[in-house]
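Letter by letter, the chains look like this.
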Amino acid sequence: MACIEHNIYKIYLIKAARWLMLTTPYVPLFMGENGIDKSGFAFLAALQAIVILICEIPSGYLADVIGRKKTLIIGAFLGALGYLIYSVSFSFGGFLVALIALGVGQSLISGSDSAMLYETLAALNKRGEYSRYEGRVIALGSLLETIGAPLGGVLAIASLRYPFVAQ
């Protein structure tokens, strides 16, 4: 049983990486620096939201079929790939591919993380503690979100690309 407890820490780690958000305040500036105007930025942001929306239900089904752990790993990989593509892109097409990878990755993680947390606690006979653990995850995410913007700003002083590399 001790091994399954590690799931909780791994979920915290995935949430931490996802919620640190070093890049969020700097995306419009970064894209502007790379020739993407406000309408192009808005279009890309809308496309990412549509990708997330379209992938939400299939990603939940995928998690049921192949398992939460594999779905989380694929989602985390796509998230990292998205930021890698972002950090080496200089054009609309590159940003589009990055945002699609990020959107699909986010939808794969969304829900699978909470379901895995619940299933882990159930296996440990701690079902009643789910709200407490989920609350900790949300508190951690809020803290990291608060830290992420100024930390990203420190990186952005050197280059707007650095927050994307660090993320």
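The structure presented is a predicted model; accordingly, all values stated were derived computationally and were not measured.

Which residues make up the pattern of salt bridges, and what values go with them?
Inspection of the entire model under this criterion finds 5 salt bridges. Here K15 makes a salt bridge to D113, at a shortest N to O gap of 2.8 Å. With K15 in helix α1 (residues 2-19) and D113 in helix α6 (residues 112-123), this pair connects stretches of sequence that are 98 residues apart. Overall, the relative accessible area of 8% leaves K15 in the buried class. A salt bridge links R68 to D64, with the shortest nitrogen-to-oxygen separation between them at 2.8 Å. Classification of R68 by relative accessible area gives buried; the value is 17%. Classification of D64 as exposed rests on a relative accessible area of 53%. Linked through salt bridges whose partners overlap, the residues forming this network are K15, R18 and D113.

Account for the environment of L124, naming residues and giving values.
In this fold, L124 is placed in the loop between α6 and α7 (130-158). Judged by relative accessible area, which is 14%, L124 ranks as buried. Separated by 119 residues in sequence, L124 and E5 have C-alpha atoms that sit 7.8 Å apart.

Before we move on, can you summarise the nonpolar core with the specific residues and values?
Ranked by size, the top nonpolar core spans 16 residues in total, and within it F30, M31, L44, Y86, F95, L99 and F164 carry the most contacts. Counting residues per element, the ones that place at least two in this core are α2 (27-33), α4 (68-88) and α5 (92-109). Counting residues per element, this core draws most heavily on α5, at 4 residues. Listed in part, the 11 residues of the second largest apolar core include Y12, I109, L121 and Y133.

A description of the packing of helix α3 (residues 38-66) against α5 should follow, citing residues and the corresponding values.
Between α3 and α5, the shortest axis-to-axis distance is 7 Å and the interhelical angle comes to 30 degrees. Looking at the two axes, α3 sits roughly parallel to α5. Considering how the two elements wind past one another, α3 and α5 form a crossing that is right-handed. Each of G40, F43, L44, L47, Q48, V51, I52, C55, E56, S59 and L62 in α3 lies in contact with α5, whose residues at this interface are F92, F95, L96, L99, I100, L102, G103, V104, Q106, S107 and L108. Across the contact of α3 with α5, the residue classes break down as 15 nonpolar, 6 polar and 1 charged.

I'd like to hear about the environment of Q167, residue by residue, with values.
Along the chain, Q167 falls in the segment after α8 (162-166). Exposure remark for Q167: the relative accessible area of 21% places this residue in the partly exposed category. Note: C-alpha distance between Q167 and R18 (149 residues apart in sequence) is 8.7 Å. Not counting the four nearest positions on each side in its chain, Q167 is found in contact with A17, L20, M21, L22, T23 and Y83. One polar contact links the side chain of Q167 to the main-chain carbonyl oxygen of A17, over a distance of 2.8 Å. Here the side chain of Q167 touches L22 through a polar contact of 2.8 Å, landing on its backbone nitrogen.

Rules used in this analysis
- Residues numbered from 1 in each chain as written.
- Predicted model: local features only at pLDDT ≥ 70, side-chain atom pairs only at ≥ 80, totals over all residues.
- Heavy atoms only, no water.
- Salt bridge = Lys/Arg side-chain N within 4 Å of Asp/Glu carboxyl O.
- Helix = DSSP H or I, 4+ residues; strand = E, 2+ residues; numbered from the N terminus.
- Buried < 20%, exposed > 50% of the residue type's maximum accessible area, 1.4 Å probe, protein only.
- Core = buried A, V, L, I, M, F, W, Y, C linked by side-chain atoms within 4.5 Å.
- Axes fitted to C-alpha atoms, helices over the stretch in contact; angles between N-to-C directions.
- Parallel < 35°, antiparallel > 145°, perpendicular 65-115°, else oblique.
- Left-handed = near helix turned anticlockwise from the far one by under 90°.
- Contact = heavy atoms within 4.5 Å.
- Nonpolar A, V, L, I, M, F, W, Y, C, P; charged D, E, K, R; others polar.
- Polar contact = N/O pair within 3.5 Å; in protein donor to acceptor, adjacent residues only side chain to side chain.

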